[in-house]
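Architecture at a glance
If you want the building blocks of each chain, they are given just below.
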Amino acid sequence: SFLTMHDVKQLEFVPVMLPLAYVVTLGGQIWYNLIMIGIQVLGLPGILANLSSVFGALFYYIAMRLWAKSRAEIRFTLQNFSVFEAECAVEGDRQIVFSNIIALMKASKRVKRNVSDTTALEAFNNCVRKDLAEQFDEIFGKFAFSPAEYILLCLA
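This write-up is about the structure you can find in this document. (Residues numbered from 1 in each chain as written. Predicted model: local features only at pLDDT ≥ 70, side-chain atom pairs only at ≥ 80, totals over all residues. Heavy atoms only, no water.)

1. Re helix α5 (residues 117-140)
For α5, built from 24 residues, the straight-helix expectation of 34 Å at 1.5 Å per residue is met to within 8% by its first-to-last C-alpha distance of 33 Å. Maximal helix bending in α5 amounts to about 25 degrees, located at Cys 127. Considering only its buried residues, α5 is in contact with α3 (47-79) and α4 (94-107). (Helix = DSSP H or I, 4+ residues; strand = E, 2+ residues; numbered from the N terminus. Expected span 1.5 Å × (residues − 1). Bend = angle between axes of the 7 residues up to and from the residue. Contact = heavy atoms within 4.5 Å.)

As C-alpha coordinates, this is what we get:
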(Lines give C-alpha, C1' and ligand atoms only; values in the text may rest on other atoms or scores of the structure.)
Protein backbone atom coordinates (compact mmCIF):
# COMPACT_ATOMS: atom_id res chain seq x y z
CA SER A 1 0.00 0.00 0.00
CA PHE A 2 2.99 2.31 0.44
CA LEU A 3 3.55 2.58 -3.31
CA THR A 4 -0.11 3.37 -3.97
CA MET A 5 -0.12 6.26 -1.50
CA HIS A 6 3.36 7.67 -2.04
CA ASP A 7 5.55 8.61 -4.92
CA VAL A 8 8.65 6.48 -5.49
CA LYS A 9 10.74 9.61 -4.83
CA GLN A 10 9.81 9.29 -1.13
CA LEU A 11 11.45 5.87 -0.81
CA GLU A 12 14.72 5.62 1.06
CA PHE A 13 17.33 2.92 0.60
CA VAL A 14 19.29 1.92 3.69
CA PRO A 15 21.81 -0.74 2.69
CA VAL A 16 23.10 -2.87 5.55
CA MET A 17 26.65 -2.44 4.23
CA LEU A 18 26.80 1.30 4.97
CA PRO A 19 27.07 1.05 8.79
CA LEU A 20 29.79 -1.57 8.39
CA ALA A 21 31.72 0.80 6.12
CA TYR A 22 31.50 3.47 8.81
CA VAL A 23 32.65 1.07 11.53
CA VAL A 24 35.61 -0.22 9.51
CA THR A 25 36.70 3.29 8.56
CA LEU A 26 36.39 4.64 12.07
CA GLY A 27 38.13 1.50 13.37
CA GLY A 28 41.13 2.42 11.23
CA GLN A 29 41.13 5.92 12.69
CA ILE A 30 40.95 4.57 16.24
CA TRP A 31 43.84 2.20 15.46
CA TYR A 32 45.94 5.11 14.23
CA ASN A 33 45.15 7.20 17.31
CA LEU A 34 46.07 4.35 19.66
CA ILE A 35 49.42 3.92 17.94
CA MET A 36 50.09 7.65 18.15
CA ILE A 37 49.31 7.62 21.89
CA GLY A 38 51.61 4.63 22.29
CA ILE A 39 54.41 6.48 20.51
CA GLN A 40 54.03 9.55 22.71
CA VAL A 41 53.38 7.87 26.06
CA LEU A 42 55.45 4.72 25.82
CA GLY A 43 58.20 6.10 23.62
CA LEU A 44 57.60 3.56 20.86
CA PRO A 45 59.58 3.98 17.62
CA GLY A 46 58.26 6.62 15.21
CA ILE A 47 58.18 4.08 12.34
CA LEU A 48 55.02 2.75 13.94
CA ALA A 49 53.27 5.99 12.99
CA ASN A 50 54.01 5.28 9.34
CA LEU A 51 52.88 1.68 9.66
CA SER A 52 49.78 2.85 11.48
CA SER A 53 48.95 5.21 8.61
CA VAL A 54 49.28 2.32 6.20
CA PHE A 55 46.90 0.22 8.29
CA GLY A 56 44.47 3.15 8.57
CA ALA A 57 44.51 3.58 4.80
CA LEU A 58 44.01 -0.16 4.41
CA PHE A 59 40.95 -0.07 6.70
CA TYR A 60 39.54 2.80 4.64
CA TYR A 61 40.28 1.04 1.35
CA ILE A 62 38.58 -2.16 2.53
CA ALA A 63 35.53 -0.22 3.69
CA MET A 64 35.22 1.63 0.38
CA ARG A 65 35.68 -1.54 -1.68
CA LEU A 66 33.05 -3.39 0.34
CA TRP A 67 30.62 -0.50 0.00
CA ALA A 68 31.28 -0.15 -3.75
CA LYS A 69 30.73 -3.89 -4.21
CA SER A 70 27.51 -3.75 -2.21
CA ARG A 71 26.23 -0.80 -4.26
CA ALA A 72 27.03 -2.60 -7.51
CA GLU A 73 25.20 -5.73 -6.33
CA ILE A 74 22.13 -3.73 -5.30
CA ARG A 75 22.11 -1.87 -8.62
CA PHE A 76 22.48 -5.13 -10.59
CA THR A 77 19.68 -6.76 -8.59
CA LEU A 78 17.35 -3.82 -9.24
CA GLN A 79 18.15 -3.67 -12.97
CA ASN A 80 17.58 -7.40 -13.43
CA PHE A 81 14.67 -7.86 -11.03
CA SER A 82 12.04 -10.43 -11.88
CA VAL A 83 9.14 -11.12 -9.57
CA PHE A 84 8.95 -14.59 -11.12
CA GLU A 85 12.52 -15.42 -10.00
CA ALA A 86 12.43 -13.61 -6.65
CA GLU A 87 12.91 -15.67 -3.52
CA CYS A 88 9.82 -16.24 -1.42
CA ALA A 89 10.34 -17.06 2.27
CA VAL A 90 7.39 -19.46 2.17
CA GLU A 91 6.99 -20.85 -1.34
CA GLY A 92 3.32 -21.60 -0.66
CA ASP A 93 2.72 -17.85 -0.29
CA ARG A 94 3.98 -17.00 -3.78
CA GLN A 95 0.48 -16.83 -5.30
CA ILE A 96 -0.69 -14.59 -2.45
CA VAL A 97 2.26 -12.28 -3.04
CA PHE A 98 1.54 -12.26 -6.77
CA SER A 99 -2.13 -11.43 -6.21
CA ASN A 100 -1.15 -8.58 -3.86
CA ILE A 101 1.28 -7.19 -6.44
CA ILE A 102 -1.40 -7.42 -9.14
CA ALA A 103 -3.87 -5.61 -6.87
CA LEU A 104 -1.25 -2.96 -6.10
CA MET A 105 -0.49 -2.32 -9.74
CA LYS A 106 -4.19 -1.98 -10.58
CA ALA A 107 -5.02 0.12 -7.52
CA SER A 108 -2.14 2.49 -8.24
CA LYS A 109 -3.34 2.74 -11.86
CA ARG A 110 0.03 1.69 -13.20
CA VAL A 111 -1.90 -0.82 -15.32
CA LYS A 112 -5.50 -0.93 -16.50
CA ARG A 113 -7.94 -2.99 -14.48
CA ASN A 114 -8.62 -5.42 -17.34
CA VAL A 115 -5.00 -6.45 -18.07
CA SER A 116 -3.84 -10.00 -17.52
CA ASP A 117 -2.08 -11.00 -14.32
CA THR A 118 1.16 -11.62 -16.21
CA THR A 119 1.02 -8.12 -17.70
CA ALA A 120 0.52 -6.59 -14.25
CA LEU A 121 3.46 -8.57 -12.86
CA GLU A 122 5.65 -7.51 -15.79
CA ALA A 123 4.65 -3.90 -15.15
CA PHE A 124 5.77 -4.38 -11.55
CA ASN A 125 9.10 -5.74 -12.81
CA ASN A 126 9.49 -2.64 -14.98
CA CYS A 127 8.63 -0.39 -12.04
CA VAL A 128 11.37 -1.96 -9.93
CA ARG A 129 13.89 -1.97 -12.80
CA LYS A 130 13.27 1.63 -13.79
CA ASP A 131 11.78 3.66 -10.92
CA LEU A 132 13.54 2.01 -7.99
CA ALA A 133 16.85 1.77 -9.85
CA GLU A 134 16.67 5.48 -10.72
CA GLN A 135 15.80 6.36 -7.13
CA PHE A 136 18.73 4.29 -5.89
CA ASP A 137 21.09 6.15 -8.23
CA GLU A 138 19.65 9.49 -7.17
CA ILE A 139 20.17 8.73 -3.49
CA PHE A 140 23.66 7.25 -3.72
CA GLY A 141 25.03 8.89 -6.84
CA LYS A 142 28.35 7.63 -8.11
CA PHE A 143 30.38 8.13 -4.94
CA ALA A 144 30.62 5.84 -1.93
CA PHE A 145 29.78 8.62 0.54
CA SER A 146 28.21 12.05 0.25
CA PRO A 147 30.55 15.06 0.53
CA ALA A 148 29.35 15.66 4.10
CA GLU A 149 30.14 12.06 5.03
CA TYR A 150 33.64 12.38 3.54
CA ILE A 151 34.24 15.48 5.67
CA LEU A 152 32.95 13.68 8.77
CA LEU A 153 35.26 10.73 8.13
CA CYS A 154 38.26 13.01 7.57
CA LEU A 155 37.61 14.82 10.85
CA ALA A 156 37.17 11.60 12.83
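2. Re the packing of α4 against α5
Axis separation between α4 and α5 bottoms out at 9 Å; the angle between their running directions is 80 degrees. Relative to α5, the element α4 is oriented roughly perpendicular. Residues Phe 98, Ile 101, Ile 102, Leu 104, Met 105 and Lys 106 of α4 lie in contact with α5, whose contacting residues are Asp 117, Ala 120, Leu 121, Ala 123 and Phe 124. For the contact of α4 with α5, a count of residues per class yields 9 nonpolar, no polar and 2 charged. (Axes fitted to C-alpha atoms, helices over the stretch in contact; angles between N-to-C directions. Parallel < 35°, antiparallel > 145°, perpendicular 65-115°, else oblique. Nonpolar A, V, L, I, M, F, W, Y, C, P; charged D, E, K, R; others polar.)

3. Structural notes on the environment of Gly 27
Structurally, Gly 27 can be placed in helix α2 (residues 17-42). We classify Gly 27 as partly exposed; its relative accessible area is 27%. With 33 residues separating them in the primary sequence, Gly 27 and Tyr 60 have C-alpha atoms 8.9 Å apart. (Buried < 20%, exposed > 50% of the residue type's maximum accessible area, 1.4 Å probe, protein only.)

4. Comments concerning the pattern of salt bridges
All told, the structure shown has 4 salt bridges when counted by the stated rule. Across the pair Arg 94 and Glu 91 runs a salt bridge whose closest N-O atoms are separated by 2.5 Å. When its relative accessible area of 15% is taken as the criterion, Arg 94 is described as buried. The salt bridge involving Asp 131 is made with Arg 110; its shortest N-O contact spans 3.1 Å. Here the residue Asp 131 occupies a position in helix α5, and Arg 110 occupies one in the loop between α4 and α5, the gap between them amounting to 21 residues. In this structure Asp 131 comes out as partly exposed when scored by relative accessible area, which is 21%. The class of Arg 110 is partly exposed, set by a relative accessible area of 35%. Sharing partners across several salt bridges, the network here consists of Arg 110, Lys 130, Asp 131 and Glu 134. (Salt bridge = Lys/Arg side-chain N within 4 Å of Asp/Glu carboxyl O.)

Remember, this is a structural readout, not a statement about activity or role.
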